[in-house]
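Architecture at a glance
Spelled out from the first residue to the last, the chains are:
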Protein chains: 2
Amino acid sequence: MNTAAQTPVTIDMIRAAAKRLDRHARRTPLLSSPFLDEIAGRRVWVKAECLQHTGSFKFRGAWAVVSGLDPATRAKGVIAFSSGNHAQGVAMAARQHQVPAVIIMPRDAPRLKIENTRALGAEVVLYDRATEDRDAIGAAMAAERGLTLIKPYDDPRVIAGQGTTGLEIAAQAASAGVTQADVIVCCGGGGLSGGIGLALEAEAPGLRLRTAEPQGFDDVARSLRSGRIERNAALTGSICDAIITPQPGDITFPILKRLAGPGLAVSDDEALEAMAQAFTRLKVVAEPGGAVALAAALYRADQIEGTDVIVTISGGNVDADVFIDALRRFGA
Amino acid sequence: MNTAAQTPVTIDMIRAAAKRLDRHARRTPLLSSPFLDEIAGRRVWVKAECLQHTGSFKFRGAWAVVSGLDPATRAKGVIAFSSGNHAQGVAMAARQHQVPAVIIMPRDAPRLKIENTRALGAEVVLYDRATEDRDAIGAAMAAERGLTLIKPYDDPRVIAGQGTTGLEIAAQAASAGVTQADVIVCCGGGGLSGGIGLALEAEAPGLRLRTAEPQGFDDVARSLRSGRIERNAALTGSICDAIITPQPGDITFPILKRLAGPGLAVSDDEALEAMAQAFTRLKVVAEPGGAVALAAALYRADQIEGTDVIVTISGGNVDADVFIDALRRFGA
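Residues numbered from 1 in each chain as written. Chains lettered and ligands numbered in written order. Predicted model: local features only at pLDDT ≥ 70, side-chain atom pairs only at ≥ 80, totals over all residues. Heavy atoms only, no water.

- If you check an unreviewed UniProt entry, chain A appears there as Threonine/serine dehydratase from Sulfitobacter sabulilitoris.

**Details of the relation of the copies chain B and chain A**
- Under the fitted operation, chain B is carried onto chain A by 0.0 Å of movement along the axis and a turn of 180 degrees, and the coordinates agree to an RMSD of 0.0 Å. Expressed as a symmetry operation, the mapping of one chain copy onto the other fits a two-fold axis. Ranked by how close their C-alpha atoms come to the rotation axis, the residues of chain B are headed by Val284(B), at 2.2 Å.
- Most of the interface of chain B is mirrored in chain A, where 100% of its interface residues are also at the interface. (Least-squares fit on C-alpha atoms with pLDDT ≥ 70 in both. Contact = heavy atoms within 4.5 Å.)

**As for the packing of aromatic side chains**
Residues and elements named next belong to chain A.
- Across all of its chains, the model carries 7 aromatic pairs over all chains by this definition.
- Measuring from ring centre to ring centre gives 6.1 Å for Phe279 and Phe323, while their planes differ by 70 degrees; the resulting arrangement is edge-to-face. Here the residue Phe279 occupies a position in helix H12 (residues 268-282), and Phe323 occupies one in helix H14 (residues 320-330), the gap between them amounting to 44 residues. Assigned by exposure class, Phe279 and Phe323 land together as buried. (Phe/Tyr/Trp six-rings, centres within 6.5 Å; stacked < 30°, edge-to-face > 60°. Helix = DSSP H or I, 4+ residues; strand = E, 2+ residues; numbered from the N terminus. Buried < 20%, exposed > 50% of the residue type's maximum accessible area, 1.4 Å probe, protein only.)

**Focus: the domain arrangement of chain A**
Residues and elements named next belong to chain A.
- Each domain of chain A was delimited in the assignment, giving domain 1 (3-56 + 155-330) and domain 2 (59-149).
- Taking the mean C-alpha position of each, domain 1 and domain 2 sit 25 Å from one another.
- In this assembly, 22 residues from domain 1 lie in contact with 16 residues from domain 2.
- Both sides together, the interface formed by domain 1 and domain 2 hides about 1600 Å², and carbon and sulfur atoms give 54% of it.
- Per-residue buried area on domain 1 facing domain 2 is highest for Arg20, Thr54 and Arg157; these three make up 38% of the total on that side.
- Where domain 1 meets domain 2, there are 2 salt bridges.
- Put simply, Arg60 and Glu49 hold a salt bridge, and the shortest N to O gap is 2.6 Å.
- Of all the secondary structure elements, the ones that give two or more residues to the side of domain 1 that touches domain 2 are helix H1 (11-21) and helix H8 (156-175). (Domains from an automatic or database assignment. Buried area = accessible area lost by both parts, 1.4 Å probe. Salt bridge = Lys/Arg side-chain N within 4 Å of Asp/Glu carboxyl O.)

**Some thoughts on the UniProt feature "domain: Tryptophan synthase beta chain-like PALP" (unreviewed entry) in chain A**
- Within the UniProt annotation, "domain: Tryptophan synthase beta chain-like PALP" (unreviewed entry) is assigned to residues 23-313 of chain A.
- Helix makes up 44% of residues 23-313 of chain A and strand 16%, and the two end C-alpha atoms of the span are 21 Å apart. (UniProt positions renumbered as here; feature names shortened; annotations may be inferred.)

**Digging into the interface of chain B and chain A**
- Taken together, the contacts link 36 residues of chain B with 36 residues of chain A.
- Note on chain B versus chain A: buried area summed over both sides is about 2800 Å², and carbon and sulfur give 65% of it.
- The interface formed by chain B and chain A includes 0 salt bridges.
- Across the contact surface, chain B and chain A share 12 residue pairs in polar contact (both at pLDDT 80 or more).
- Mapped onto the side of chain B that touches chain A, the elements with two or more residues apiece are strand S1 (30-31), helix H2 (34-40), helix H5 (85-96), helix H6 (111-119), helix H12 (268-282) and helix H14 (320-330) of chain B.
- With 5 residues, the single largest contributor to the side of chain B that touches chain A is H14(B).
- Taken together, the residues of the side of chain B that touches chain A sort by class into 21 nonpolar, 8 polar and 7 charged. (Polar contact = N/O pair within 3.5 Å; in protein donor to acceptor, adjacent residues only side chain to side chain. Nonpolar A, V, L, I, M, F, W, Y, C, P; charged D, E, K, R; others polar.)

**What about empty space enclosed by the protein?**
- As enumerated under the stated definition, the model contains 1 cavity of 30 Å³ or more in all.
- Taken as a whole, the largest cavity encloses approximately 350 Å³ of empty space.
- Looking at the largest cavity, it is lined by 27 residues, and the ones nearest its centre are Gln88(A), Asn317(A), Thr280(B), Arg281(B) and Lys283(B).
- When residues of the lining of the largest cavity are traced back to their parent elements, those giving at least two are helix H5 (85-96) and helix H6 (111-119) of chain A together with H2 and H12 of chain B.
- With 4 residues, the top contributor of residues to the lining of the largest cavity is H12(B).
- Residue classes in the lining of the largest cavity are distributed as 12 nonpolar, 10 polar and 5 charged. (1 Å grid on protein atoms, 1.4 Å probe; cavity = no way out; pocket = protein on both sides within 12 Å on 5 of 7 lines; lining within 4 Å. Points joined across faces, edges and corners; volume = space filled by probe spheres on them.)

**Some thoughts on the pairing of strand S7 (residues 181-186) of chain A**
Residue and element names in this part refer to chain A.
- Among the 6 residues that make up S7, 6 are buried, leaving the element largely enclosed by the rest of the structure.
- A two-sided burial pattern is seen for S7, the buried positions comprising Ala181, Val183 and Val185 on one face and Asp182, Ile184 and Cys186 on the other.
- Bridging between S7 and strand S8 (residues 207-214) involves 6 bridges; their strand directions are parallel. Note that in S8 the partner of Asp182 across the bridge is Arg208.
- Assessed by its sense of winding, the connection that carries the chain from S7 through helix H9 (residues 191-203) to S8 is right-handed.
- Note: S7 against strand S10 (residues 308-313), 3 bridges, orientation parallel. Paired with Asp182 across the bridge in S10 is Val309. (Pairing = 2+ DSSP bridges. Right-handed = clockwise from strand over helix to strand, strands pointing away.)

Okay, here's the thing in structure tokens:
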């Protein structure tokens with residue numbers, strides 16, 4: 001039985017995306033520090049996707065979709081629903097292809113995020129969460145202009161783009177002499193985790209996918225445990241809001257179920273402490289949701305196996321206030 | 001007249017150091033952001049040496065020296081005078097070669113720096129600035145144990161090691177299609193600047209070395225102007241203290257004089273603002289002295305030529321308090 005054949009995302013799609021991303025996305029470094037090794041009790045390797053264009057891995061998936069469209073379709077432009085990292089990734093990928101991007105955001109989104117997305121050349125369309133239906137607005141615009149919708153995670157093209165991170169992890173781990181390790185990935189809808197899992201399966205079978213989430217919003221961990229899609233009870237209430245989604249995706253979950261070990265979850269304070277460690281020891285900026293995998297490596301060592309652990313820092317788009325709070329409470 | 005022949009540092013020494021550093025030092029990324037381009041009015045490329053091992057370029061020079069010693073000499077160990085980035089670079093390079101490192105520090109050095117240097121395996125010897133002569137203490141220990149002294153900058157082996165940064169800049173700039181640009185380097189004693197200048201001269205002659213310093217401590221800029229070594233009037237009083245030295249080095253200055261364009265200088269506030277920009281737009285942590293080159297690119301645009309500018313962020317070892325201050329005052 002070839003279960004891999006059931007997934008609509010193949011390693012060939014990931015490799016093709018990597019070719020299209022070459023010289024456009026950054027090959028982010030795999031960082032380490034003896035001080036982090038000391039805390040974790042094993043060697044810790046950090047894939048710093050916060051250093052990716054627009055400050056998160058989302059640029060990869062967006063670029064993969066835009067670059068893969070046929071020219072006539074691409075020229076009409078793309079559309080996305082997001083007020084966060086996905087918005088910026090889509091805006092920048094579209095701009096670099098010189099095609100229009102429409103980003104639908106709630107009217108109460110932080111002004112800075114709206115401004116940043118506009119500054120990246122996107123047309124930002126605001127809607128009222130209480131009275132308007134964003135899907136209807138988006139569908140009407142997409143139909144009228146022939147825009148291509150780029151979903152944040154549950155799309156094989158997006159998952160293939162995020163999976164290029166996994167190809168790099170496989171190569172960088174091999175360079176560092178690491179062939180057996182848990183690879184802990186910050187997990188929202190599962191696009192990054194699923195893509196990395198598929199890449200590792202093909203190129204570094206000794207590296208095992210693990211997911212990390214905020215405590216209380218661990219829909220993926222619970223879904224992995226029960227074997228079926230479980231929902232989060234709430235969607236707000238964690239500082240790691242950027243990676244909170246209602247439930248694992250219909251496309252991503254079967255991939256995670258097949259490839260991921262038990263899910264990990266950390267508290268908000270542990271995420272903030274990991275941000276302070278990344279500041280002090282790695283000199284990179286992690287956002288709370290982007291720090292949950294590092295937090296799991298540092299503070300859930302008993303749930304991890306092996307002499308090495310690899311983690312993603314999936315993004316670094318954090319307000320100064322939140323970062324100051326992390327340094328104040330946990331900085332050296 | 002071959003003036004290059006007068007320098008005791010050659011491009012062959014830099015290339016040999018690069019071979020020894022391969023897979024031991026990090027090839028740090030060359031980062032960029034359209035938001036920084038907007039401020040500077042030209043494309044800005046940032047060589048993020050804050051992501052180097054121990055958080056600064058100093059690891060390169062230290063590794064270059066330790067790895068180049070004959071095995072019998074190396075086995076006896078190395079010694080350095082420093083309470084900052086040089087200390088950590090030497091300690092880590094020695095530890096990875098499994099040889100002893102002695103670091104001489106003033107007794108009133110920050111406790112965290114002493115602890116970090118010890119944690120990297122070095123023997124820290126403290127002296128009293130008021131009553132003891134650090135050179136005498138160091139000389140006695142070096143003689144007794146046969147330790148090799150690693151100076152912070154005025155040593156051809158160290159300059160060659162720092163120059164490997166320049167080889168990477170030359171290659172990364174070519175990859176990005178940049179062949180003409182000013183390359184602004186954070187400058188203390190001139191080891192990094194001199195090494196980068198020599199590497200660019202050989203490998204990317206369209207890239208011109210510039211130095212950046214804190215205002216009021218611009219001994220290099222003044223020395224470049226007068227054509228002879230000028231001293232700083234004071235050695236304290238800037239937040240960029242990590243890159244303040246009494247005067248350019250006897251070995252480094254002739255290199256700078258031959259290769260560098262006019263020196264640039266920025267205020268402490270501009271350095272802090274550049275740190276906040278590096279946080280928001282690049283997701284890296286810069287220390288104040290490590291941010292002066294970026295500050296010059298952003299806030300001294302009228303003194304820079306061309307459509308592109310390349311800068312170093314030379315280090316990221318900054319206390320949380322100082323970083324919080326930068327974000328509070330200049331963060332988005």
